[in-house]
Each structure stands twice: as structure tokens, then as C-alpha cells.
Amino acid sequence: MKEWLKAVKLFFRGAVSDSATDKLEYKAAVLNDTLLTVVLSERLGIPNPMAYYTVELLPYIGNEIPGWERRMADRESVISRVMEEVGEP
Amino acid sequence: MNLTEFKTVFLSGKGGVGKSTVSSALGLFFAEKGFKTLVVSLDPAHSLSLTFDTEIGEKPKEITKNLFAVEINPEKEAKRYLNRVKREARELLSPVVIGEIEKQIELAYYSPGALELATADVIYRVAVSERKFERVIFDTAPSGYTLRMLTFPELTEEWLKKLIVLRREALKYRKMAGKKVEEDPVLGILERRLKEVRELRNLLLSPETLIGIVVNPQTLPVEIGKRTVRELSAAGIEAKLIVGNKTSIEEEKKLIEKDFPGIPKIFIPALEKEPKGIRKLQSLTGTFKKLIRT
Ligand SMILES: Nc1ncnc2c1ncn2[C@@H]1O[C@H](COP(=O)(O)OP(=O)(O)OP(=O)(O)O)[C@@H](O)[C@H]1O
Ligand SMILES: [Mg+2]
């Protein structure tokens, strides 16, 4: 399982980072995506007990959602590709 | 212990035990002692209009010298808040995302905990941020509901802190990557929420806050009262007063004294007629001076 995760992580890094700036932007995106995932968890079928509070953020992060959706979809496709190549953990 | 030392009061208890009546009488007691006092109902039913026998609305109404009352409906507050968020979303967001987001904002009204959080927002506003009274008494809705409302801050606080760290770090890396990072409204909202949650928890744990439980000398109200004491204690909150309402005879008092050892008590007799209106409530204020310790 650990090896598999490492392979996935390497795959990600290799795919996106070729300069130091890209790496920083990538880091920023990963962190911000985690926040977006919490705020948008209901779109993934996970109930959010703080939904009443988090909707207040939507006017200010709403425009970041298409990027988040794209990266989430990419990640899924990357992961499924890795799984095909490396096998299920 | 003297009840007038408490600046904020919450009364819990089973439906119908007399929370609104006791809140109103206690408010009158504080007012008589010279404190500018507000009695707040957070209950969609118009409970204080009944106890004070006069129409009370969303704005504090003066009942008598030093005494004000207000009825706030958390459901309405929730709608107002969500409408404001929707308006902001429409102003700021692209047509690509707005449809889905408006839906999400509307659904938040029905999300679990929404009403508790809306209630907490009202309490915060009335008792902390916009406080205009020396004494504030909340006539809260029945126990389970009230408890969830009182115990959430600690959970929420940790969770908010994590979101703040994520956003801060993300902004830091964005800046390091050479992007312009302006003052962030997301961080602003999260930090404001964290501040509110902390201040609300401080209010609940403050020595100047009284959380009291109203019971009647019957099995069910007493059992629910005992459960509330336990649940409060699990949340780190001490029940500081038991109000034995509609408790007239010694035998009944003894029973309640035995059931809640160590918690100060007051007893209010069952009146023949429902205590409605200032006049009749006045006949009850004397009971708040007779604090019983067992
Ligand atoms: N000491 C008392 N003597 C006689 N009647 C009382 C007394 N206290 C309350 N009542 C009556 O009991 C009824 C319930 O009281 P009240 O509305 O204050 O209870 P409550 O706990 O606020 O109820 P709810 O849970 O519905 O908000 C009312 O009709 C009220 O007038
Ligand atoms: Mg009531």
C-alpha cells in the first residue's frame, strides 16, 4: 500500500512540476483543493455538518470550482491509470 | 450566590415546565433590582407575548421600567443569512458556476445542524457582539436541541482552525510562486467564525453565565432535567441552578432536592391561575431571593 501511494505521488509530481514556480503553484493548489473539497463535500456525496457556515465562503471561492473539478477529474483518471498499471493496492 | 450576579442566563427544561414563565419572572426580578434587562425567546411560538400578555416582536420592546423582551425566530434568521450569501454570490460569480451554487446555498437551510447554528448566531449577536443590556435571559427551546447548540463550539473550533491553516498555506505558496495575493475574504470569514465560536464558548463557560434547568415535581421533567445535567457536565458546562417550578408542597421540594444534590435551587409554587402579565409575574419575583443549597 505504501509503495502504491508513493508511485501515485511520483506520478503526480512528474506530470505537473517542471519548474520551482510550478511546484509552488502545485502545492498551493493541492492545499486549496483540500479546503474546496471540504466546502464542496456534498458534491462528492459526503454530508457536511457545517454546511450552514461553509456556504458563506461560496461567493468568494465559487470561481475556483471549475479548476477544482478539473483537477479532481484528472486525479481520478491518473489514479485509475496507475491502478491499471500497478494493480489494486 | 446571588442570582443578580449572573449577566447571562439560559433556561433549559422539558416542554411546558415553565421556561418562558420563569424567564419572564426572572427578567422582572433583575429589572426591579435596577438592571437593564432583556428577555429573549428563541422559539417560533410567541411565548413571551403570552407570558407578558402583550404583543412582542423582533425588536426589543419595553415592558416596564428596565425590562425589555424580544422574540427572535432562528428559522427567519437562517433565511435572512442565506439570502445575503446568495446575493453576494450573484454579484461575484460567473454564470458558469452560479446555478449550482445557488442550489447549494438554498439546500444549506435543510442541512443537519443549520437551525442550531442559526440559533447560536442569534445568541452571539444578542449576548455578545451587539449586547445592549446588563442582563440577558434566554428562554431556550427544550433540552436536546439546546444542548447540541451549547456543546458544538469546541468541535467547530478545531475544524475551522484546520481550514484556516489550509487557506493560509495555500496563499503563502501562491505568493511564493510570484502571484499577487490580496486580502482574502475567505480567510476573513473563517477567522470571524473562529472568533465568534470562541467567544460563544467563553460566554457559556463564564462564571457570569447561569445555565439553569427548570423542572416540575413529576417524573418526566425531573428525568429530563437529570439527563440535561449529565449532558452539560460532559460538555464541561455546569448546571448552576434548578428551578422547581409549580412546586408547592414540602414533599415535592424534598423530592427535587434529593434528585439534584449539590445544585442550588429555587422553588416557585403552582399558582391557581396562569401567571400572565406583569402584575402576576410580580408575585413570583420574591422566589428568586430564596436560594436553597442542599
Ligand atoms: N408557577 C406556575 N403556576 C401556574 N401555572 C404556571 C406556572 N408556571 C408556568 N405556568 C403555566 O404553565 C404553562 C407552560 O408554561 P411556559 O409556557 O412558561 O412553559 P415553557 O417551558 O416555556 O413551555 P414551552 O416548552 O412550550 O416553551 C403556561 O400555561 C403557564 O402559564
Ligand atoms: Mg416557552
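In short, a report on the structure. (Residues numbered from 1 in each chain as written. Chains lettered and ligands numbered in written order. Predicted model: local features only at pLDDT ≥ 70, side-chain atom pairs only at ≥ 80, totals over all residues. Heavy atoms only, no water.)

Moving on: the overall build of chain B. For chain B, the helix and strand inventory stands at ten helices and eight strands. Within chain B, residue pairs in contact and separated by at least 24 positions form 71% of the contacts whose partners lie at least 6 positions apart. With an accessible surface of roughly 14100 Å², chain B has 53% of that area assigned to carbon and sulfur atoms. Computed over 51 positive and 41 negative side-chain charges, the separation of the two mean positions in chain B equals 2 Å. (Helix = DSSP H or I, 4+ residues; strand = E, 2+ residues; numbered from the N terminus. Contact = heavy atoms within 4.5 Å. Areas by Shrake-Rupley, 256 points an atom, 1.4 Å probe, with all protein chains shown as cover. Lys, Arg positive; Asp, Glu negative; His and termini not counted. Charge placed at Lys NZ, Arg CZ, Asp CG, Glu CD.)

Let's shift gears to the pairing of strand E6 (residues 209–215) of chain B. Residue and element names in this part refer to chain B. Taking burial as the measure, the seven residues of E6 include seven buried ones, the bulk of the element. Burial of E6 is two-sided: the residues Thr209, Ile211, Ile213 and Val215 facing one way and the residues Leu210, Gly212 and Val214 facing the other way are all buried. Sheet topology note: the strand E1 (residues 8–12)/E6 ladder contains five bridges and is parallel. Bridge pairing links threonine 8 to threonine 209 in E6. Pairing of E6 with strand E7 (residues 241–244) involves four bridges; the strand directions are parallel. The partner of valine 215 across the bridge, within E7, is glycine 244. (Buried < 20%, exposed > 50% of the residue type's maximum accessible area, 1.4 Å probe, protein only. Pairing = 2+ DSSP bridges.)

All names here are of chain B. Around ligand 1, a shell composed of 16 residues is seen, among which Lys19, Ser20, Thr21, Leu271 and Glu274 lie nearest. Residue glycine 18 places a main-chain N or O atom 2.9 Å away from an oxygen atom belonging to ligand 1. Serine 20 places a polar main-chain atom, nitrogen or oxygen, 2.8 Å from an oxygen atom of ligand 1. (Near = heavy atom within 4 Å. Polar contact = N/O pair within 3.5 Å; in protein donor to acceptor, adjacent residues only side chain to side chain.)

Formed by 45 residues in total, the largest nonpolar core has its most connected members in Tyr52 of chain A together with Leu82, Ile101, Ile105 and Leu190 of chain B. Here this core gets seven residues from one element, more than from any other, and that element is helix H6 (residues 143–176) of chain B. Setting aside anything within four residues of it in sequence, one finds isoleucine 101 of chain B in contact with Arg43, Leu58, Gly62 and Ile65 of chain A together with Ala89 and Leu93 of chain B. Of all hydrophobic cores here, the second largest spans 32 residues; its members include Leu200, Ile213, Val222 and Ile256 of chain B. (Core = buried A, V, L, I, M, F, W, Y, C linked by side-chain atoms within 4.5 Å.)

For alanine 28 of chain A, the location among the structural elements is in helix H2 (residues 20–39). Beyond its immediate chain neighbours, meaning those up to four positions away, alanine 28 of chain A contacts Ala170, Tyr173 and Arg174 of chain B.

Residues and elements named next belong to chain B. With mixed pairing, the eight strands of this open sheet are ordered in space as E3-E4-E2-E5-E1-E6-E7-E8. Sheet topology places strand E3 (61–64) and strand E8 (265–267) at the edges, where each strand pairs with a single neighbour. Direction aside, neighbouring strands of the sheet carry axes that sit 25 degrees apart on average. Across the face of the sheet, helix H1 (residues 19–32) comes into contact with E1, strand E2 (37–41), E3, strand E4 (67–71), strand E5 (135–139), E6 and E7 while running at roughly 170 degrees to E5. Each of E1 and E6 is contacted by helix H8 (residues 219–234), which is oriented at about 155 degrees to E6, the strand it contacts most. (Axes fitted to C-alpha atoms, helices over the stretch in contact; angles between N-to-C directions.)

Our focus in this paragraph is the packing of helix H5 (residues 114–129) of chain B against helix H7 (residues 185–205) of chain B. All names here are of chain B. One can describe the packing of H5 onto H7 by two numbers: an axis separation of 10 Å at closest approach and a directional angle of 70 degrees. Taken together, the axes of H5 and H7 are roughly perpendicular relative to one another. Here Ala120, Asp121, Ile123, Tyr124, Ala127 and Val128 of H5 come into contact with H7, specifically with Arg193, Lys195, Glu196, Glu199, Leu200 and Leu203. Among the residues making up the contact of H5 with H7, the classes are represented as seven nonpolar, no polar and five charged. (Parallel < 35°, antiparallel > 145°, perpendicular 65-115°, else oblique. Nonpolar A, V, L, I, M, F, W, Y, C, P; charged D, E, K, R; others polar.)

The subject of this paragraph is the interface of chain A and chain B. Listed by partner, the interface residues are 33 residues for chain A and 43 residues for chain B. Counting the surface lost from both chain A and chain B, the interface buries some 3600 Å², and carbon and sulfur atoms represent 70% of this. The three residues of chain A that bury the most area against chain B are Tyr52, Tyr53 and Glu56 of chain A, which together make up 25% of that side's buried surface. Across the contact surface, chain A and chain B share five salt bridges. With its nearest N and O atoms 3.0 Å apart, the salt bridge here joins arginine 192 of chain B to glutamate 56 of chain A. Here chain A is connected to chain B by twelve residue pairs in polar contact (both at pLDDT 80 or more). Elements with a contribution of two residues or more to the side of chain A that touches chain B: H2, helix H3 (51–54), helix H4 (58–61) and helix H5 (65–86) of chain A. It is H2 of chain A that provides the largest number of residues to the side of chain A that touches chain B, a total of eleven residues. Partitioning the side of chain A that touches chain B into residue classes produces 20 nonpolar, seven polar and six charged. (Buried area = accessible area lost by both parts, 1.4 Å probe. Salt bridge = Lys/Arg side-chain N within 4 Å of Asp/Glu carboxyl O.)

Once that is clear, we can look at the pattern of salt bridges. In total, this model carries 34 salt bridges over all chains according to the counting rule given. With its nearest N and O atoms 2.7 Å apart, the salt bridge here joins glutamate 191 of chain B to arginine 168 of chain B. Note that glutamate 191 of chain B is positioned in helix H7 and arginine 168 of chain B in helix H6, a separation of 23 residues in sequence. Taking relative accessible area as the criterion, arginine 168 of chain B reaches 44% and is therefore assigned partly exposed. Of the charged contacts in the structure, one is a salt bridge between lysine 226 of chain B and glutamate 223 of chain B, with a shortest N-O distance of 3.4 Å. Placement of the pair is lysine 226 of chain B and glutamate 223 of chain B together in helix H8, with a separation of three residues, close to one helical turn. The exposure class of lysine 226 of chain B is partly exposed, given its relative accessible area of 23%. Taken together, the shared-partner salt bridges connect Glu56 of chain A together with Arg84, Glu88, Asp121, Arg192, Arg193 and Glu196 of chain B into one network.

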